[in-house]
Amino acid sequence: MTEIWFIRHGETAWNFDRRLQGWQDTALNDTGRAQAARLAARVRDEAATRPFSALYSSDLQRAHHTAAPISEQLGLRVRIEPGIRERGFGVLEGLAWDRIDELAPEAAAAWKSRDPLRPIEGGESLGQFHARVVATIEDLAERHAGERVLAVTHGGVLDIIWRHASGVGLELPRQAALLNASINRVAAERRQWQVLGWGDVEHIAVQAGDDVVVP
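Predicted model only: the values in this text are computed from it and were never measured.

A. Summary view of the packing of helix α2 (residues 30–47) against helix α3 (residues 61–74). Here α2 crosses α3 at 35°, and the two axes come no closer than 8 Å. Every pair of crossing elements has a handedness; the one defined by α2 and α3 is right-handed. Residues Ala36, Leu39, Ala40, Val43, Arg44 and Ala47 of α2 form the contact with α3, whose participating residues are His65, Thr66, Pro69, Ile70, Gln73 and Leu74. Grouping the amino acids of the contact of α2 with α3 by side-chain chemistry returns eight nonpolar, three polar and one charged.

What follows is the structure, given as C-alpha cells:
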C-alpha cells in the first residue's frame, strides 16, 4: 500500500478575491505563506514517527512555494509533477466567480454542466482532467509501493482524487471539503484507492471562507 498525503496549496490573492486560477501561475499571499510554514512544522512532527520517502509538487508556483518549507523541514527535494497541476479553465481563468456567466456564458455553462466530454474553450474537459490526474496518481503509487509520500496540489485535483477513491461520479455535485493548506490522506494499492483522512487543518486556524474553493 502507498500512503499519499495530498496537500492543497496555501491561499493566494485570487483565492481571496474568488477568481478562477486554473493554469495561471498565481503566487501565495501573506496568509498562504503563513499557512505553508505551519503546514511544514506539522509535517515535520508527523515525520518523526514515520518518515516520508518523497515530496512532489505541481509545477505551478502556488503549489511549489507551499512545498518549499516542507522540503526544508524534511530535507527532501521537491520533485515537480505536472500531472497534478490544476485543471485548465481556458477563457474562465482570471474571471471573478460571480461574473463568469456574464463574461463567458458558454464556457461557464460547460464548466457547470459537469459533462465529462463537454470542452471549455481554451481549457480541458472534465474527462481529460480526470484521466490526467488518475493516471498520474496511479504512477506515483506504483513508483512508491509500500511508502509514504507527499504531493502538493490544487483544489480541483483533490476533488478528482476524493471522487475516485469514494466512487462518486464526476456528474454529481462536490461533496468533499477542499481547504487551503489541508492534509488529505489516501491509500492506493493495485488501482484501489481509499480515503484515510480528509480536510485536516489542525495545524492552521480555520478562517471564515476556507470551505469555499476557487480553483
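B. Region of interest: the pairing of strand β4 (residues 148–153). The buried count for β4 comes to six of six residues, which makes it a mostly enclosed element. Residue alternation in β4 divides its side chains into two sets, Arg148, Leu150 and Val152 and Val149, Ala151 and Thr153, and both sets are buried. Two elements, strand β2 (residues 54–57) and β4, share four bridges in a ladder whose sense is parallel. Looking across to β4, one finds that Leu55 is bridged to Leu150.

C. Region of interest: the sheet that holds strand β5 (residues 183–189). Taken in spatial order, the six strands of this open sheet run β3-β2-β4-β1-β5-β6, and their pairing is mixed. Of all strands in the sheet, those bounded by a partner on one side alone are β3 (78–80) and β6 (192–200). Taking each pair of neighbouring strands and ignoring which way they run, the sheet shows an average axis angle of 25°. Sheet strands touched by α2: β1 (2–8), β4, β5 and β6. Its angle to β4, the strand with the most contacts, is close to 170°. Strand contacts of helix α7 (residues 155–166): β1, β4, β5 and β6, with the helix running at about 130° to β6, the strand carrying the most contacts.

How each quantity is defined
Residues numbered from 1 in each chain as written. Predicted model: local features only at pLDDT ≥ 70, side-chain atom pairs only at ≥ 80, totals over all residues. Heavy atoms only, no water. Axes fitted to C-alpha atoms, helices over the stretch in contact; angles between N-to-C directions. Helix = DSSP H or I, 4+ residues; strand = E, 2+ residues; numbered from the N terminus. Left-handed = near helix turned anticlockwise from the far one by under 90°. Contact = heavy atoms within 4.5 Å. Nonpolar A, V, L, I, M, F, W, Y, C, P; charged D, E, K, R; others polar. Buried < 20%, exposed > 50% of the residue type's maximum accessible area, 1.4 Å probe, protein only. Pairing = 2+ DSSP bridges.

On their own, these measurements won't tell you what the molecule is for.
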